Amino acid sequence: MEFFRIRRDIPFMRHAIVLNAISFITFLLAVFFLVTRGLHLSVEFTGGTVVEVAYEQPADLAAVRRVVEDLGYLEVPVQNFGSSRDVLLRLPAVQGQSSGQQAEALFAALKAQNPAVTLSRTEFVGPQVGEELLHNGLIALALVIGGIIIYLAVRFEWKYAVSAIIANLHDVVIILGFFAFFQWEFSLAVLAATLAVLGYSVNESVVIFDRIRETFRRQRKMTPQQVVDHAITSTISRTIITHGSTQIMVLSMLLFGGPTLFYFALALTIGILFGIYSSVFVAAAMALWLGIKREDLVKPTKSEGDPDDPNAGAVV
């Protein structure tokens, strides 16, 4: 399925140096903000108090959120849990106040706002649990990266694997850089979105690499740069359809999903936008600079060998 077909290849790689310089500067800025400002970790990572309350009617999350903000808790996750009548809140630890005192103060404020509310449970999440979650999350990230490298190295060639993983790490670090710079809350949902972006971005790289291999087989007189330009140009329609539909869905979550889904959708939005860019101007350009050639993907036959070889014209 194609919305349009471009008859003449667009010379993407002609501008690769400038665009990758911009990308490299953006990457360095993201690393700088991660080192100097750090991530604003949520309660899941830092520890705090989890409170679950129940209402007789479907809960008004906006009203509950106002009560929480009046107590001085900003950017606290307020979400339905199990049903529309159950609400789950995660309060960050406050110096000089115990977990029980936090839960009592919150429940008293909610009770004053709606007498029908009942306290279902309260639970303290210790910092050691948060450290374990962060540790397991980093392990999951490393396993995803390792799996992608092995998959691409087996399906294509090591140059393509290195190019794709650099592009994917570029996307991940820029997402983290945005969250560090603006001090948006980094939660388990955002970590899940980051892992999703890894898989999403590598899919676009695989499509382009697959078209590069196909072009190498069909167009033997093209230079590697021409092959890359042709592969990217011939997949533009597919890119617009796929990423456009995905971006519409993610933007709907961002705009209408409420505070619970906001940062999750925001991470996906940033990742998808930079994923398109990195697949074209980072992964493909990096593979070109690593010296990809037809022989990397298509094994030469005897008829394509040395013209001085007496067996060069033999039928294979």
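Residues numbered from 1 in each chain as written. Predicted model: local features only at pLDDT ≥ 70, side-chain atom pairs only at ≥ 80, totals over all residues. Heavy atoms only, no water.

Caption draft 1: View of the overall build of the protein chain. Within the protein chain, the regular secondary structure consists of eleven helices and six strands. In summary, the protein chain has a C-alpha radius of gyration of 26 Å against a globular reference of 20 Å for 316 residues, an excess of more than 25%. Put simply, of all contacts in the protein chain between residues at least 6 apart along the chain, 78% involve residues at least 24 apart. Split by element, the accessible area of the protein chain, about 16,700 Å² in all, is 63% carbon and sulfur. For the protein chain, the centre of its 24 positive side-chain charges and the centre of its 27 negative side-chain charges are spaced 11 Å apart. (Helix = DSSP H or I, 4+ residues; strand = E, 2+ residues; numbered from the N terminus. Rg over C-alpha atoms; globule rule 2.2 N^0.38 Å. Contact = heavy atoms within 4.5 Å. Areas by Shrake-Rupley, 256 points an atom, 1.4 Å probe, with all protein chains shown as cover. Lys, Arg positive; Asp, Glu negative; His and termini not counted. Charge placed at Lys NZ, Arg CZ, Asp CG, Glu CD.)

Caption draft 2: Structural view of unusual backbone geometry. Phi is positive for Gln-183, close to 55 degrees, though the residue is something other than glycine. Mapped onto the fold, Gln-183 is located in the loop between helix H6 (158-182) and strand E6 (185-186).

Caption draft 3: Quick peek at the packing of H6 against helix H7 (residues 188-218). One can describe the packing of H6 onto H7 by two numbers: an axis separation of 9 Å at closest approach and a directional angle of 150 degrees. When the axes of H6 and H7 are compared, the pair comes out roughly antiparallel. For H6 against H7, the interelement crossing comes out right-handed. Mapping the contact onto sequence places Tyr-160, Ser-163, Ala-164, Asn-168, Asp-171, Val-172, Ile-175 and Phe-179 in H6 and Val-190, Thr-194, Val-197, Leu-198, Ser-201, Val-202, Ser-205, Phe-209, Ile-212 and Phe-216 in H7. Counted by class, the contact of H6 with H7 contains twelve nonpolar, five polar and one charged residues. (Axes fitted to C-alpha atoms, helices over the stretch in contact; angles between N-to-C directions. Parallel < 35°, antiparallel > 145°, perpendicular 65-115°, else oblique. Left-handed = near helix turned anticlockwise from the far one by under 90°. Nonpolar A, V, L, I, M, F, W, Y, C, P; charged D, E, K, R; others polar.)

Caption draft 4: View of the sheet that holds strand E3 (residues 78-81). The strand order E3-E4-E2-E5 describes an open sheet built from four strands, whose pairing is antiparallel. Each edge of the open sheet is held by one strand with a lone partner, namely E3 and strand E5 (118-125). Across the sheet, the mean angle from the axis of one strand to that of its neighbour is 25 degrees, orientation sign disregarded. Here strand E2 (residues 48-54) runs beside strand E4 (residues 83-92); their pairing, made up of seven bridges, is antiparallel. If you follow Val-50 over to E4, its bridge partner there is Arg-90. Packed on one face of the sheet, helix H4 (residues 99-113) meets E2, E4 and E5 and runs near 30 degrees to E2. (Pairing = 2+ DSSP bridges.)

Caption draft 5: Focus on the pattern of salt bridges. Under the definition given, this model contains six salt bridges. With its nearest N and O atoms 2.8 Å apart, the salt bridge here joins Glu-52 to Arg-121. Here Glu-52 is found in strand E2, whereas its partner Arg-121 is found in strand E5, with 69 residues between them in sequence. Using a relative accessible area of 10% as the deciding quantity, one classes Glu-52 as buried. Residue Arg-121 is classed as partly exposed on the basis of its relative accessible area of 29%. The salt bridge involving Arg-218 is made with Glu-214; its shortest N-O contact spans 3.2 Å. Taken together, the positions of Arg-218 and Glu-214, both in helix H7 and four residues apart, correspond to about one turn of that helix. By relative accessible area, Arg-218 is classed as exposed at 64%. Among the ionic contacts, a cluster of salt bridges with common partners joins Glu-52, Arg-121 and Glu-123. (Salt bridge = Lys/Arg side-chain N within 4 Å of Asp/Glu carboxyl O. Buried < 20%, exposed > 50% of the residue type's maximum accessible area, 1.4 Å probe, protein only.)

Caption draft 6: Representation of the layout of surface pockets in the model. Volume-wise, the largest pocket comes out at about 440 Å³. Taken together, 21 residues form the lining of the largest pocket, with Pro-77, Glu-185, Pro-259, Thr-260 and Tyr-263 sitting closest to its centre. Mapped onto the lining of the largest pocket, the elements with two or more residues apiece are helix H3 (61-70), E3, H7 and helix H10 (259-289). A total of six residues in the lining of the largest pocket trace back to one element, the largest contributor, which is H10. Grouping the amino acids of the lining of the largest pocket by side-chain chemistry returns twelve nonpolar, three polar and six charged. (1 Å grid on protein atoms, 1.4 Å probe; cavity = no way out; pocket = protein on both sides within 12 Å on 5 of 7 lines; lining within 4 Å. Points joined across faces, edges and corners; volume = space filled by probe spheres on them.)

Caption draft 7: Main features of H3. Every buried residue of H3 is accounted for by Leu-61, Ala-63, Val-64, Arg-65, Val-67 and Val-68. Next to the buried residues of H3 lie E3, E4, H4 and H10. Of the residues trailing H3, Gly-72 is marked for its positive phi of about 100 degrees.

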